[in-house]
Structures are given as structure tokens and as C-alpha cells.
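Here is how the chains run, residue by residue.
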Amino acid sequence: MKKIILTVAVLIGCLMFKTADAQLRINLGFNIGSQPEWGPVGYTHAEYYYMPDIDAYYDVPNHQYVYLQNNVWVHASVLPARFHFDPYHSYKVVVNQRNPWEHHADIRAKYASFKGRHDQQIIRESHDARYRNHWKEDNRHDDHDRH
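Asker: Can you tell me about unusual backbone geometry, naming the residues and giving the values?
Answerer: The phi dihedral of His63 falls on the positive side, at around 55°, and the residue is not glycine. The phi dihedral of Asn99 is positive, around 45°, even though this residue is not glycine.

Laid out in C-alpha cells, this is it:
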């Protein structure tokens, strides 16, 4: 009887592990719907955008900016006014690694040449059907883009 219970428990445990594994792959595979309308086109998955113009990041799944303030990386839903940043007309680099700010010096050096570029197509301007139902951020701090 103990062998049967143990076998059933192991079998159920294996089935649960496989289900969780499959869900993890699906969640990490595509997140087009989570990307903001000002995000760059061409990516089915983006964890972070590095924005060389302001030397900061955008956490795509959590819809938060990550920027350095007083030697601490701050996570916030909006940028402080001091940044004067227009996400619709600045270059974003997709960075799919965990906590990219931990390797900030390398990322900054690698993408320094993208600072000041304004030639990137964004999701809002794309006619690709994949972006039809993307996430639209309420960008109240960016009023000049609406007028």
C-alpha cells in the first residue's frame, strides 16, 4: 500500500512540475501585449528597454521606469520631470536579461552610439496585426505628444 501511495505521489508531483514548466515557457515566450505603444517594433518578447538618451531602463512586464537616483536604482511608474523624456521620439534598446542595471556600465558602453537617434519605428505607428491589441500607457506627463 505504501508503494502505491508513494508512486501516485511521485506521479502527481511530476505532472505538476511539467505543467508549471510549460506555463513558464509560455509566459516568457511572448509579451507583445505588455509592450507600450511607444516600444520598438519587431520584438515578440521584451523584458526591459534601455533608453540611452536618459541612461535609464523601462521594465516592460511591470510598466515601470528604472533610473539611478542618489546612487540607488529607483522603480517608478513615471519619470521625474528632470528627465524631459519623450518615449515616442527616442531610441529604445531591448535588453532581455535579469536586472540589467547590475551590468549598467557594460550596457551603457555597448549602446552609447544610439543616444540621440530618432529613427526607430514604434508600435503605435506599426500596421503589423501582432500589435493590434497592445498595452496603451496613460502617458499624462507627455502632453505635448497628444496635441
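Further notes follow.
Asker: Give a detailed account of the nonpolar core, specifying residues and quantitative values.
Answerer: If you look at the biggest cluster of nonpolar residues, it comprises 17 residues, and the most contacted ones within it are Met51 and Tyr65. Looking at this core, the elements with two or more residues in it are strand E1 (48-51), strand E2 (56-59) and strand E3 (64-69).

Asker: Can you tell me about the pairing of strand E4 (residues 72-76), naming the residues and giving the values?
Answerer: Bridging between E3 and E4 involves five bridges; their strand directions are antiparallel. Note on E4: the bridge partner recorded for Leu68 is Trp73.

Asker: I'd like to hear about the pattern of salt bridges, residue by residue, with values.
Answerer: Per the counting criterion, the structure on display carries two salt bridges. With its nearest N and O atoms 2.4 Å apart, the salt bridge here joins Asp55 to Arg108. Of this pair, Asp55 sits in the loop between E1 and E2 while Arg108 sits in helix H2 (residues 104-111), placing them 53 residues apart in sequence. A salt bridge links Asp119 to Arg117; the shortest N-O distance between them is 3.0 Å.

Asker: Break down the pairing of E2 for me, with residues and values.
Answerer: Residues Ala56 and Tyr58 of E2 are buried on one face, and the alternating residues Tyr57 and Asp59, pointing to the opposite face, are buried as well. Here E1 runs beside E2; their pairing, made up of four bridges, is antiparallel. Note that in E2 the partner of Tyr48 across the bridge is Asp59. Counting the residues between successive antiparallel strands, the hairpin from E1 to E2 contains four residues, one of them, Asp55, with a positive phi of roughly 55°.

Asker: Let's hear about the environment of Glu125: which residues, and what values?
Answerer: Relative to the assigned elements, Glu125 resides in the segment after H2. Sequence-wise, Glu125 and Trp38 are 87 residues apart; in three dimensions their C-alpha atoms are separated by 8.7 Å.

Asker: So what about H2? Which residues, and what values?
Answerer: Among all positions of H2, only His104, Ile107 and Tyr111 are buried. Mapping the buried residues of H2 onto a view down its axis gives an arc of 65°, with all of them on the same face. For H2, the exposed residues lying more than 90 degrees away from the buried face are Ala105, Asp106, Ala109 and Lys110.

What counts as what
- Residues numbered from 1 in each chain as written.
- Predicted model: local features only at pLDDT ≥ 70, side-chain atom pairs only at ≥ 80, totals over all residues.
- Heavy atoms only, no water.
- Core = buried A, V, L, I, M, F, W, Y, C linked by side-chain atoms within 4.5 Å.
- Buried < 20%, exposed > 50% of the residue type's maximum accessible area, 1.4 Å probe, protein only.
- Helix = DSSP H or I, 4+ residues; strand = E, 2+ residues; numbered from the N terminus.
- Pairing = 2+ DSSP bridges.
- Salt bridge = Lys/Arg side-chain N within 4 Å of Asp/Glu carboxyl O.
- Arc of directions from axis to C-beta.

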